[in-house]
Structures are given as structure tokens and as C-alpha cells.
Amino acid sequence: MRVAIEAHHLSKQFFLGERNQRTFFEGVWSNAVAGVQRLLQSENLGASGDDRRSFWALRDVSFQLGQGQTLAIIGENGAGKSTLLKILSRITQPTAGKAKVFGRLASLLEVGAGFHPEFSGRDNVYLNGTMLGFSKKEIRQKFDQIVDFSGIERFIDVPVKNYSSGMYIRLAFSVAANLNPEIIVLDEVIAVGDAAFKKKCFERVDALISQGHTAILVNHETSHVRRMSQFCLWLRKGRVVMFGPTNEVIPQYELETAEIREDAGRAPALAQSA
Amino acid sequence: MSASQIDFAEPSYVVEPGKLLDSHPKNLWAYRELFLLLVKRDFVAAYKQTALGPFWFFVQPFIASLAFLVVFSQIARLSTTDLPPLVFYMSGIIVWNFFSNCVSQVAYTFLVNATVFRKIYFPRIIMPFSQIGTNLLNFIPQLAVLFVVIGFYVLNGRRIEISPWLLALPLVLGLMALLALGLGCLIAAATVKYRDLTIVVGYMLNLWMYGSLVICPRSAVPANLSWLVTLNPMASFVECYRSSLFGTEHAEAGPLIIAIAITLVVVTVGVACFKRAERTFTDTI
């Protein structure tokens, strides 16, 4: 089977604190002070200081996903799901580890970010498509399909600053969903537009998956995960809890989240009795 | 690159620490259409937002030139070679505006595009390239206005020579663009850590203009300050630019060689720093 994504021991360390809040002169000054301190004292001073203000958002995450397979990344807030996606989509680089990606990877919901308000819907389709790495020719071939899907034919030559937020997000979704990136990412629940459009989105995603596109779902309800994906990657505090077929991972995950909910339910009761 | 064209033996890309995400020029070339669309976008946006549209692009150099005419020519009595002062100042102002807009816009790359950069990946250096492209496009109509002013003087019997050296103009503009790219990238990389730097840049660019032969020819610079002008690459480029336009000032070879050397160093270091910053800037900004 052909591989779509291969991740080996991906880790990501973030630095917390004032580091980026400093002004230029404060920065130069504190760097100078730190330099003098290092000269006067032991060399390890700086390193230990960094450790206190850093945390690992992702630690030693490895998995493999084949072409045409669907992976669900599950876990609570702060598990490292978005960090993993950011690394895979080249937004930021890992601190350690390596990942190979075969094909173009595009998120279906965040593409509207590249829209320019003064540009017409038509121009924005091209601008966004080229940002995602498609050629003008490819976009032209899919243009009618994109516009049809979004349902805003009448307004395609109007600047998007005059669009309603619904129109805006429908066009954004439509661009990525119809240009057929090899790997699609569905971050959060696909809650775009009204009920009818939502249904259309789900159908489109199902169609893409059945056409053999590789897909990554993030933060979906377990019912969606069961229906749509074969594999699950369960993360907690940056580490892999479980990676395997959905029907093995989801029961465990549900068991644990149920426990957490129970605990949360008990807490206020205790507070009252006290 | 459609699905069928993907080479599954080789990954489309590899992410790992320390690796420059797109070091291949081939990768950059694949994004040429995005470059053109971004130039178009910035051009359209700049003209659409203002009530008088392109009018400002033409009026601003006029007003600035008139101010310089009064202050430097009438009051300070600075020489403007054989050129009419208005032509001298205007030619300097439009090219300095080109350079300084390039530097300051490239310097804002990470701050202005933070939202897009956090969501979609494409080679970040495309943004600085497109800013410079837009500014080149904006420079052309201003140059046209300058030629109209020259035409007005010629009609009134003033002799202004246009030599074949005019063909060297794109080369001089290219050198200025390179210097602006390098410097802008350097500042952009620094803004990831120090956001207030862009304010300083505005002041510095204003000051820098006075040492860049925009308001007077090299011959009018006092001897004890001439080293400053020699070491200033923009002074040499502005001089070359005017001599390619009019052939009245003769650019000196020595300062030009220094200027080109400085430019090459600045652009290499600047782009390298930019690429280093683009790898993790989303973690801090």
C-alpha cells in the first residue's frame, strides 16, 4: 500500500513567557546581561532557565497513514492535535523528529484566511487556490464546480467584503473541497452555513473519501469518527495514548471520557455537601 | 501537479527540524502564479480604497518636490547640477519612495500576514517578492509623470539630455530592489522577536534619505562627510539612477562597487534570516 503520511518521533517544544513580549532595547539589554552572566558563571545557567519556561506540546509521536485511509486525531484540549496538524502542514517545524508527506495537504475550513476583502469572489478563488499550491489551469478547470457548490453564482464578481459571513465561508470551503488536494484535513466539526449546506459538506467529504482521498479528522464527535475513519490517533498531553483501528481505540477513549465526565459530575455535588 | 502526476516514490515534502522548508528554486517557481496574483491584489487594493485613487500617487511627489525646492534650493542654495531643481528633486523623491516603501512593506511581512501564515503554507518569501513587484508597478506611472515634467521644461527651451544610458535604468532599479529586499527581510526576521522595530525603521528611512544624494549631488557633499556617502549604497544607486536618466551626473565606479558588494551581503544575510524566522515564527507572534 502507498503511504500518504509517515511521522517519526515528532516532538514540539514551545517556549512560554516574556520572550516575545520584549521590546528591541529590552531584548538587547537582557541578552547582554545573560551573556555577561554566562561569562562570569557556569555555562548551564541559560539552559536551565529555558527549561522552566518551556513545555512539550508534542512528544515522540509516530504513525503511518496510507493513501485513501482516514485518520481521526482525538484527545482533549491541549493534547497536541492542532500542533501536530501545524507541523504536518508546514506552518511550523518540529523540534525533533521527521515526517514525510506525499501529496498536497489542505484544511477545508481554514482556507478562507487568504481571502482579500477588495478582491471579487472570482479573484479570491484563484488567489486561494494558488496559495494552496494549485496552478491557475487546475483552478480554471474546477472553477464552475467550485462556484456551483458554493451556491453564490450571482455574487461571484462582487468583492468579498460585501459577502455575508455565510457566503464567505461557503466559498472558502468550496475552494478546498473541489480542488481535490490529495490529503484533506477537517479540523473541528464541519459546521458550515445552514443545515442544507452542512448536509452538502458532509456528502462532499464522504464523496472525497470514497474517491480515495486521504483524510484527517480532528476533534469530531465519536459517532462521526466511527462512521468516517478507519484509524484513530489518541493524544494526551502531547503523547500518543493509542494508535490503531477505530473500533479498538474509540471504546477505550469513550470509557475514559465517560470517567472524566463522571468525576466532573461528582465535583459540584461534593462541594455542596461540604 | 494533479494526483496522477504525484511521484509516490518521493515525498512531496519532508518536515524536520533545521531544514529550510523550501530551498529549491524549482519550488518557488511553482508559485509564480501566486506571485502575480498577490501583485495584482496589492495594486487593486491600493487604488480602490482611496477616494481619489491613483491621484495621490502623482500628487505626493509634486508636493514633496515643491517643499524641497523651497528649502534646499531657494533657502539652502544647494546645487542641483545642470538640472532644473524640480526635475532633480522629483526624480530623487520618486525613486527614494520606491526604495523606502519596499523596505518598510517587506519589514512588515510577518506582522501583516500572520493570520494567513498561520493557516496556509506557501513559501513565505513570495510575500516580499510581491511587495517589491507592486512597488515597481507603482513606480512606472510616477516615472511617466517625471517625463511629463521634463517635457514641459524642454518645450520651454530648457535642454535636458536623455542618453542611451536610460537602458541601464532597470539594472539600477533592480539593485535597489535587491537591497530593499535584503534589508526588509532582515528587519522582518527581527520583528518576530521585537515588534517595536518597525517604528524605528520608519525614522531611520527618513534620516537615511538625507544621506543618499536625493537632495543634492555628490559634489555638494562637504569633504568631511564624503566617506559617509561613499559607504552608503543608496547614495551610489541614486547617483547611477540619475546619471542613467539624464547623463548630467557621472556616477563614480568606486562607490558603486562598494554599493554592489554591500547589497549582495545584505540580501544573502537578509534572506537567510528570513528563512530561519519563517520556520517557527508562528510559535511566537
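Every value quoted in this text rests on a predicted model; they were computed, and no experiment measured them. (Residues numbered from 1 in each chain as written. Chains lettered and ligands numbered in written order. Predicted model: local features only at pLDDT ≥ 70, side-chain atom pairs only at ≥ 80, totals over all residues.)

Novice: Sorry, what's going on with the overall build of chain A here?
Specialist: Secondary structure summary: chain A contains nine helices and nine strands in total. Every one of the 274 residues in chain A was classed for burial, and the buried ones make up 42%. (Helix = DSSP H or I, 4+ residues; strand = E, 2+ residues; numbered from the N terminus. Buried ≥ 20, exposed ≤ 12 C-beta atoms within 10 Å, placed from the backbone.)

Novice: What am I meant to see in the pairing of strand 3 (residues 70-74) of chain A here?
Specialist: Residues in a regular strand project their side chains so that they alternate between the two faces of the sheet. Residue and element names in this part refer to chain A. Across the five residues of strand 3, five count as buried, placing the element largely inside the fold. The alternating pattern of strand 3 places Thr-70, Ala-72 and Ile-74 and Leu-71 and Ile-73 on opposite faces, both of which are buried. Relative to strand 7 (residues 214-218), strand 3 is paired through four bridges, and the arrangement is parallel. Looking at the pairing, Thr-70 lines up with Ala-215 of strand 7. (Pairing = 2+ DSSP bridges.)

Novice: In this structure, what is going on with the environment of Ala-215 of chain A? I would like to understand it.
Specialist: Residues and elements named next belong to chain A. You can see Ala-215 is positioned in strand 7. In this structure Ala-215 comes out as buried when scored by C-beta crowding, with 22 C-beta atoms within 10 Å. Taking the C-alpha atoms as reference points, Ala-215 and Val-175, separated by 40 residues in sequence, lie 16 Å from one another. Aside from chain neighbours lying at most four places away, what touches Ala-215 is Thr-70, Ile-184, Leu-186, Leu-208 and Ile-209. (Contact = placed C-beta atoms within 7 Å.)

Novice: Would you explain the confidence of the model for chain A in this entry?
Specialist: Note: predicted coordinates in regions of low pLDDT should not be interpreted at a detailed level. Across chain A, the average pLDDT comes to 82, with 83% of residues at or above 70. Residue range residues 43-49 of chain A is modelled with pLDDT below 50. Its contacts to residues more than four positions away, or to other chains, number five contacts. (pLDDT = per-residue confidence, 0-100.)

Novice: I keep staring at the confidence of the model for chain B and nothing clicks. Help me out?
Specialist: All names here are of chain B. Confidence in the prediction of chain B, expressed as mean pLDDT, is 84, and 92% of residues score 70 or more. Across chain B, element-level confidence peaks in helix 8 (residues 169-191) with a mean pLDDT of 95 and bottoms out in helix 1 (residues 25-29) with 77. Predicted as a complex, the structure gets a pTM of 0.84 and an ipTM equal to 0.81.

Novice: So what exactly am I meant to see when it comes to the sheet that holds strand 8 (residues 231-236) of chain A here?
Specialist: Residues and elements named next belong to chain A. Ordered in space as 5-6-7-3-8-9, the six strands form an open sheet in which the pairing is mixed. On the outer flanks of this sheet lie strand 5 (105-107) and strand 9 (239-245), each paired with one strand and no other. The sheet shows a mean angle of 20° between the axes of neighbouring strands, taken without regard to direction. (Axes fitted to C-alpha atoms, helices over the stretch in contact; angles between N-to-C directions.)

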